[in-house]
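# Remarks on the overall topology
So you can see what is in the structure, the chains are spelled out below.
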Amino acid sequence: MLSKTTLFFALYLLACFTGFAQDDAFNYEEAKVPPFSLPDPFVSLKGEPIETIQDWEIQRRGEIVSLFENEVYGQVPRDLDAIRFELVSEDTQAMNGNAHLKEIDILVERNGDSNRLRLILFIPNALTGPAPVFLLINHRDPENIDPTRQVKTGFWPAEEIVQRGYAAATFHVNDVSDDTKETFKEDILNTLYPEQLEMGNGMRGLGAWAWGAMRAMDYFVTDAQIDARRAAVVGHSRGGKASLWTGAQDTRWAITISNESGCGGAALSRRRFGETVKRINTNFPYWFTDNFNRYNDQEDLLPVDQHLLVAAIAPRAVYVASASEDQWADPKGEFLSLRHGTRVHREIYGMEGAFPSVLPAPESPLHLPYAGHHIREGKHNLTPYDWQRFMDFADQLYGKSHE
């Protein structure tokens, strides 16, 4: 019999093949992008203008998050009876003495049941104070986040992150919700929040992953070796969808990073370029709330588009990255979402700098005081090049220097 990890990875490869293939039935030509208009971040649901920070924080931001909860990602329940952190493994001289490894089990209890999430954390030994941290939401093979470092991949280059003076943290989504339609209800949905499965706007897979990232933040704020005020949440592809939802839900994150997240992530749904709402709901019905199916082939009826998810992260920083050959994820649509969404950073919070009106060339990163963007040459993946640009941006935001 196949182990759960082996079965998960086999199903993951199948999902990648079906979900990210360059299908000729879908549009890859700019000339065929239909005309569309985007919901205005500066007009409330009652038609009132949003002009001040108070207008945004008290009224409009909450409206936007609620719309995404009801129509796209589902609720992210906050109620729990207890949360405990158990240090299950520790090595103060990991990575040849360069890092302090901690493996922490995050145990959450609700209504007499419990769920356990394993957090892997490498803290730089060279630092004299608390370390800023990058948390990766990992949906790929668990070997990508091997705590023994016998297996090392560019998907999570923990050594390079530590060398740059950041703590490298990660968890696997299987600890909160499996990335398969057959078993996604296992873990927190069946165990802690079964009522969500009965709701049209209930939490599903991506929301569960965001919930997991929020529990990691619950731990960070308790660890004196971590500077939780300088924490970044990172996700690639479907993990990037979850990272954006994490940043919109949880204001404790200083930086939210989406790498090639495409439809249902950073890309504008109304462009209907590459993957569409109908395709993603058909292939991955367990990612989004049931209500999202209303918008299959009806993107213009959505009360939101993904630029508003970016906007909901303001005034905190946001980074969107794409790959030149990943047309399925619509790099232009991702950039436009970032450009339109960060208007809130500029026009409400008065932050300086703006993105250009044209799509930047590959490997020409743009780092503004509140947002970053790059397009990497190559295919759909999370690579050391991407990580280096994320850390460059964090260095700039935090006023850190690097060689």
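Let us look at the structure shown here. (Residues numbered from 1 in each chain as written. Predicted model: local features only at pLDDT ≥ 70, side-chain atom pairs only at ≥ 80, totals over all residues. Heavy atoms only, no water.)

### Digging into the side chain of arginine 376
- The residue arginine 376 is located in strand β10 (residues 371-376) in this model.
- Residue classification places arginine 376 among the buried residues on the basis of a relative accessible area of 6%.
- One polar contact links arginine 376 to aspartate 386, side chain to side chain, over a distance of 2.9 Å.
- Discounting residues that sit within four places of it in the chain, arginine 376 has contacts with Glu260, Ser322, Ala323, Ser324, Glu363, Asn381, Thr383, Tyr385 and Asp386. (Helix = DSSP H or I, 4+ residues; strand = E, 2+ residues; numbered from the N terminus. Buried < 20%, exposed > 50% of the residue type's maximum accessible area, 1.4 Å probe, protein only. Polar contact = N/O pair within 3.5 Å; in protein donor to acceptor, adjacent residues only side chain to side chain. Contact = heavy atoms within 4.5 Å.)

### Some words on the environment of leucine 117
- By secondary structure assignment, the location of leucine 117 is in strand β3 (residues 113-124).
- In sequence terms leucine 117 and aspartate 179 are 62 residues apart; their C-alpha atoms lie 15 Å from each other.
- Setting aside residues up to four positions removed in sequence, leucine 117 forms contacts with Ile104, Asp105, Ile106, Phe171, Asp175, Val176 and Gly212.

### Describing the pairing of strand β8 (residues 317-323)
- Counting buried residues along β8, 7 of its 7 residues qualify, which places the element largely inside the surrounding structure.
- Residues of β8 alternate between two faces, with Ala317, Tyr319, Ala321 and Ala323 on one and Val318, Val320 and Ser322 on the opposite face, all of them buried.
- Examined bridge by bridge, strand β7 (residues 255-259) and β8 share 5 bridges and lie parallel to one another. In the sheet register, isoleucine 257 faces β8, and the bridge partner there is tyrosine 319.
- Relative to β10, β8 runs parallel, the two sharing 6 bridges. Within β10, the position partnered with alanine 323 by the bridge is arginine 376. (Pairing = 2+ DSSP bridges.)

### Description of the packing of aromatic side chains
- For the structure shown, the criterion picks out 24 aromatic pairs.
- Geometrically, the ring pair formed by tyrosine 28 and phenylalanine 273 is edge-to-face, given 6.1 Å between the ring centres and 90° between the ring planes. Of this pair, tyrosine 28 sits in the loop between α1 (4-19) and α2 (53-73) while phenylalanine 273 sits in the loop between β7 and α8 (277-283), and the two are 245 residues apart along the sequence.
- On the basis of relative accessibility, which here comes to 24%, the residue tyrosine 28 falls in the partly exposed class.
- Take phenylalanine 273: its relative accessible area is 4%, and that puts it in the buried class.
- Where phenylalanine 288 meets phenylalanine 292, the ring centres are 4.9 Å apart and the plane angle is 45°; that geometry is what we call tilted. Comparing phenylalanine 288 with phenylalanine 292, the two get one shared label, buried.
- Grouped by ring-pair contacts, the aromatic residues Phe68, Tyr73, Phe184, Trp245, Phe284, Tyr286, Trp287, Phe288 and Phe292 constitute a single cluster.
- For arginine 215, the ring lying beneath its charged end belongs to tryptophan 211, and the centroid distance is 5.1 Å.
- Here the basic side chain of lysine 400 rests over the ring of tyrosine 166, its NZ or CZ set 4.3 Å away from the ring centre. (Phe/Tyr/Trp six-rings, centres within 6.5 Å; stacked < 30°, edge-to-face > 60°. Lys NZ or Arg CZ within 6 Å of the ring centre and 35° of its normal.)

### Focus: the nonpolar core
- Within the largest apolar cluster, 83 residues are counted, with the highest numbers of intra-cluster contacts made by Leu121, Leu135 and Phe220.
- Considering every element that reaches this core, the biggest residue donor is helix α6 (residues 205-220), with 11 residues.
- Not counting chain neighbours up to four residues away, the residues in contact with phenylalanine 220 comprise Leu119, Leu121, Val133, Leu135, Ala169, Ile226, Ala228 and Trp253.
- The next biggest cluster of nonpolar side chains, apart from the first, holds 31 residues, and it includes Ala99, Ala168, Ala254 and Phe390. (Core = buried A, V, L, I, M, F, W, Y, C linked by side-chain atoms within 4.5 Å.)

### Looking at helix α9 (residues 306-313)
- Counting buried residues along α9, 8 of its 8 residues qualify, which places the element largely inside the surrounding structure.
- Within the sequence span of α9, burial applies to Gln306, His307, Leu308, Leu309, Val310, Ala311, Ala312 and Ile313.
- Against α2, α7 (238-249), β7, β8, α10 (331-341) and α11 (343-347) lie the buried residues of α9.

### Some remarks on the sheet that holds β8
- Here we have 10 strands laid out as an open sheet, ordered β1-β2-β3-β5-β4-β6-β7-β8-β10-β9, and mixed in their pairing. The strands lining the two open edges of the sheet, one partner per strand, are β1 (82-93) and β9 (366-367).
- Packing against the sheet, α10 makes contact with β8 and β10, and its axis sits at approximately 165° to β8. (Axes fitted to C-alpha atoms, helices over the stretch in contact; angles between N-to-C directions.)

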